[in-house]
Amino acid sequence: MKKSLFVFLIIVMVAFTSCKKPNKNNNDSVDYKKDTTLDEKKDKEQGTKTGSDKEDAKMNSANEDNKTDNSKSNHSEGSTKTENNKSNQSEGSNKTDNNKADSSKDSGKSSQEEIDIKKMYKDGVYYENKAVVLTYHHISSKPFSSITISPERFESDLKMLRDNGFNVISLRQVLNSMEGTKPLPKNAVAITFDDGIESFYKYAYPLLKEYNMPAVNFVITSRVESYSPSSNDFNPLSKNEIKEMYDSGIIDIQSHSHEGHDYVVIGPENKMGGKLAYKIYNPKDNTYETDESIVKRVTEDLNTSRRLIYEYTGSYPDMICFPFGNYNKRLVELSKKCGYKYFITTAIGYNKYNSKSRYVLRIRSGDSNLTSEKLFKNIVYCANDIKPNSTNTKK
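Per chain, the residues get numbers from 1 upward, laid out in the order the sequence is written. Local features in a predicted model are, by the rule used here, given only for residues with pLDDT of at least 70; side-chain atom pairs are given and counted only at 80 or more, and totals for whole chains, interfaces and linings are based on all residues. Excluding hydrogens and water, the side-chain figures rest on all heavy atoms present in the structure.

Student: Explain the overall build of the protein here, please?
Tutor: Numbering goes from the N terminus for both helices and strands, where a helix is a DSSP run of H or I of at least four residues and a strand is a run of E of at least two. Per the secondary structure count, the protein includes 12 helices and 15 strands. We call a residue buried when its accessible area falls under 20% of the maximum for its residue type, exposed when it is over 50%, and partly exposed in between, using a 1.4 Å probe and counting protein chains only. Here the protein, with 395 residues, has 53% of them falling under the buried criterion. In what follows, a contact means two residues having at least one pair of non-hydrogen atoms within 4.5 Å. Long-range contacts, defined as pairs at least 24 residues apart, comprise 70% of the intrachain contacts of the protein with a sequence gap of at least 6. For the protein, the exposed area adds up to about 18,700 Å²; of that, 49% sits on carbon and sulfur atoms. The Shrake-Rupley method, run with a 1.4 Å probe sphere, supplies the accessible areas, and residue values consider only the shown protein chains as cover.

Structure (structure tokens):
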């Protein structure tokens, strides 16, 4: 009996020592193929508005009755699929990542990744007849969220674009090229900001003027209407700030909805979804919003946003950036009826000359754990369909 027990203990010890601990995920860099989202609990802890930071949540192709949710959304062109992986990041990791981003400020030397890419593209032409559109949200020295970057990081990005031969053009120029009316310059990049946050006016706008690089900001007009002066970097833009930037000719102002940038209950078990894309669910009697109700509600929201942006700028917007990337056939059709012609998504990819598409694809550029060097690589990889960590050569 003792001998059997001894043998059993030896076997258990060998099995235990042979077990390996799982590797921790390395979140120091952002894969351009990933579309991450913030943790809602952390947003509340940091004092942000409900749903206001979840700008790159899953793009959903919703059925009329809201019974399908959080699935991959196919564009009408059927050309692009998005990968939607949630990234849960702690407050501590945000601070660490922001420090890393700040340390990436231009030092006058090329990183090894830049050198390697330049060897692949010795003529300095990384891609042609394509445009990569960048997605930013918030700029602040304080880490509000994982999609907040420092002013130094943003300037480092602009220097990277300038020093590596990228041609920063307006999103309007990208749209014109997609229509086939005007060609694209080589290495074309466009800059977009979502949410209409006042930090854009304080930090991004002066730098964009200095570097002579255009950008577009998609504003949430209900928040502009409720503006009051504050030193908080998360404050919305004011009407006067919007007017000044638009009149400069370097900043375009387009719609991110009026009151549609919120999550609502869209199904049993507290299933949540974007307010514009889904019918609201009533858990008390297990019923959904009627067709008539959602059409009326969404139409009023889209029309209000257009009207107010016209009051701010003197021009009606024709681009709608779908909150949280949530949209479906119904929302697209209602947007068209309200006067919107182009649809800005969170789908990842490049935009091709003469594609005739009305859907703009983008890549993440404003994540706090991304560096300018990584962004350089992500732009080139995206435009050439090279997967991260791939050994693919120039196409």
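Next, the rest of the story.
Student: Can you walk me through the environment of E179 in this structure?
Tutor: Within the secondary structure, E179 is located in helix 6 (residues 171-179). Spatially, the C-alpha atoms of E179 and N354 are 5.2 Å apart, while their sequence positions differ by 175 residues. Discounting chain neighbours no more than four positions away, the residues touching E179 are Y342, N354, K356 and R358. Nitrogen and oxygen atoms within 3.5 Å of one another constitute a polar contact, given that in protein one can donate a hydrogen and the other can accept it, and given that sequence-neighbouring residues count only through two side-chain atoms. A polar contact of 2.9 Å, which involves the side chain of E179, links it to the side chain of R358.

Student: What is the right way to look at the nonpolar core in this model?
Tutor: Across soluble globular proteins, nonpolar side chains show a tendency to be buried alongside one another. Residues grouped as a nonpolar core are buried Ala, Val, Leu, Ile, Met, Phe, Trp, Tyr and Cys residues, joined through side-chain atoms within 4.5 Å. L134, F154, L161, F166, I191, L208 and I379 are the most contacted members of the largest nonpolar core, which totals 48 residues. Broken down by element, the residue count for this core peaks at seven residues, all from helix 12 (residues 372-383). Non-local contacts of L161, meaning those with residues more than four positions away in its chain, are made with L134, F166, V168, V189, I191, M213 and I379. If you look at the next biggest cluster of nonpolar residues, it comprises 18 residues, including Y278, F322, Y340 and F343.

Student: What is the right way to read the pairing of strand 15 (residues 359-364) from this model?
Tutor: A large share of strand 15 lies buried, amounting to six of its six residues. The alternating pattern of strand 15 places Y359, L361 and I363 on one face and V360, R362 and R364 on the opposite face, and all of these are buried. As paired strands, strand 1 (residues 130-136) and strand 15 are joined by two bridges and run parallel to one another. Its bridge partner being in strand 15, L134 is matched across the sheet by I363. Only when DSSP finds a minimum of two bridges between them are two strands counted as paired.

Student: I keep staring at unusual backbone geometry and nothing clicks. Help me out?
Tutor: When glycine is set aside, most residues are seen to have a negative phi, and most peptide bonds are trans. In this structure, S257 takes a positive phi of about 90° despite not being glycine. When you line up the elements, S257 lands in the loop between strand 7 (251-255) and strand 8 (263-267).

Student: What's the story with the packing of aromatic side chains in this structure? I'm lost.
Tutor: Side-chain rings of Phe, Tyr and Trp (the six-membered ring for Trp) are treated as a pair once their centres are within 6.5 Å; stacked means planes under 30 degrees apart, edge-to-face means over 60, and tilted covers the remaining angles. A complete count under the given rule lists 17 aromatic pairs for this structure. Ring centres of Y121 and Y126 lie 5.9 Å apart, and the angle between their planes is 85°; this geometry places the pair in the edge-to-face category. You'll find Y121 and Y126 in the same group, each marked buried. Seen from their ring centres, F322 and Y327 are 4.8 Å apart, and the 20° between their planes marks the pair as stacked. Judged by relative accessible area, F322 falls into the buried class, the value being 1%. Assessed through its relative accessible area of 4%, Y327 is described here as buried. The criterion is that NZ of a Lys, or CZ of an Arg, lies within 6 Å of the ring centre and within 35 degrees of the ring normal, and then a charge sits over that ring. Lying across the ring of Y350, K130 places its NZ or CZ 4.5 Å from the centre. Residue placement shows R306 over the ring face of Y340; its charged tip is 5.6 Å from the ring centre.

Student: How should the packing of helix 5 (residues 151-163) against helix 7 (residues 198-211) be read in this particular structure?
Tutor: Angle between the axes and distance between the axes: these two values describe a pair of packed helices. Interhelical geometry of helix 5 versus helix 7 gives an angle of 25° and a closest axis separation of 10 Å. Comparing the axis directions of helix 5 and helix 7 gives the class roughly parallel. In this structure, helix 5 meets helix 7 at a crossing whose hand is right-handed. Taken together, the residues of helix 7 that come into contact with helix 5 (itself represented by P151, F154, E155, L158, K159 and R162) are Y203, A204, L207, L208, E210 and Y211. Partitioned by chemical class, the residues of the contact of helix 5 with helix 7 number eight nonpolar, no polar and four charged. Lines fitted to C-alpha atoms define the axes, with helix axes restricted to the stretch in contact, and inter-axis angles between N-to-C directions lie between 0 and 180 degrees. In these notes the angle categories are as follows: under 35 degrees is roughly parallel, over 145 is roughly antiparallel, 65 to 115 is roughly perpendicular, and the rest is oblique. Here a crossing is called left-handed whenever its near helix is offset anticlockwise from the far helix by less than a right angle, and right-handed whenever the offset is clockwise. Charged residues are taken to be Asp, Glu, Lys and Arg, nonpolar residues to be Ala, Val, Leu, Ile, Met, Phe, Trp, Tyr, Cys and Pro, and polar residues to be all remaining types, Gly included.

Student: Got a minute to help me understand the pattern of salt bridges in this structure?
Tutor: Side chains that carry opposite charge are capable of pairing whenever their charged atoms lie near each other. Every case where a carboxyl oxygen of Asp or Glu lies within 4 Å of a side-chain nitrogen of Lys or Arg is listed as a salt bridge. If you walk through the whole model with that rule in mind, you get 14 salt bridges. In this structure, D163 engages R162 in a salt bridge whose closest nitrogen and oxygen atoms are separated by 2.8 Å. For R162, a relative accessible area of 46% translates into the label partly exposed. The salt bridge partner of D247 is K243, with a shortest N-O separation of 3.5 Å. Taken together, the positions of D247 and K243, both in helix 9 (residues 239-247) and four residues apart, correspond to about one turn of that helix.

Student: Even after reading the chapter, I still don't get the side chain of E241, so can you show me in this structure?
Tutor: Mapped onto the elements of the fold, E241 is located in helix 9. Counted as positive: Lys and Arg. Counted as negative: Asp and Glu. His and the chain ends are not counted at all. The side chain of E241 sits in the buried core without any salt bridge; K202 is the nearest counter-charge, 8.3 Å away. Reaching out from E241, the side chain makes a polar contact with the backbone nitrogen of S238 at a distance of 2.9 Å. What E241 contacts, discounting residues up to four positions off in sequence, is E198, Y201 and Y227.

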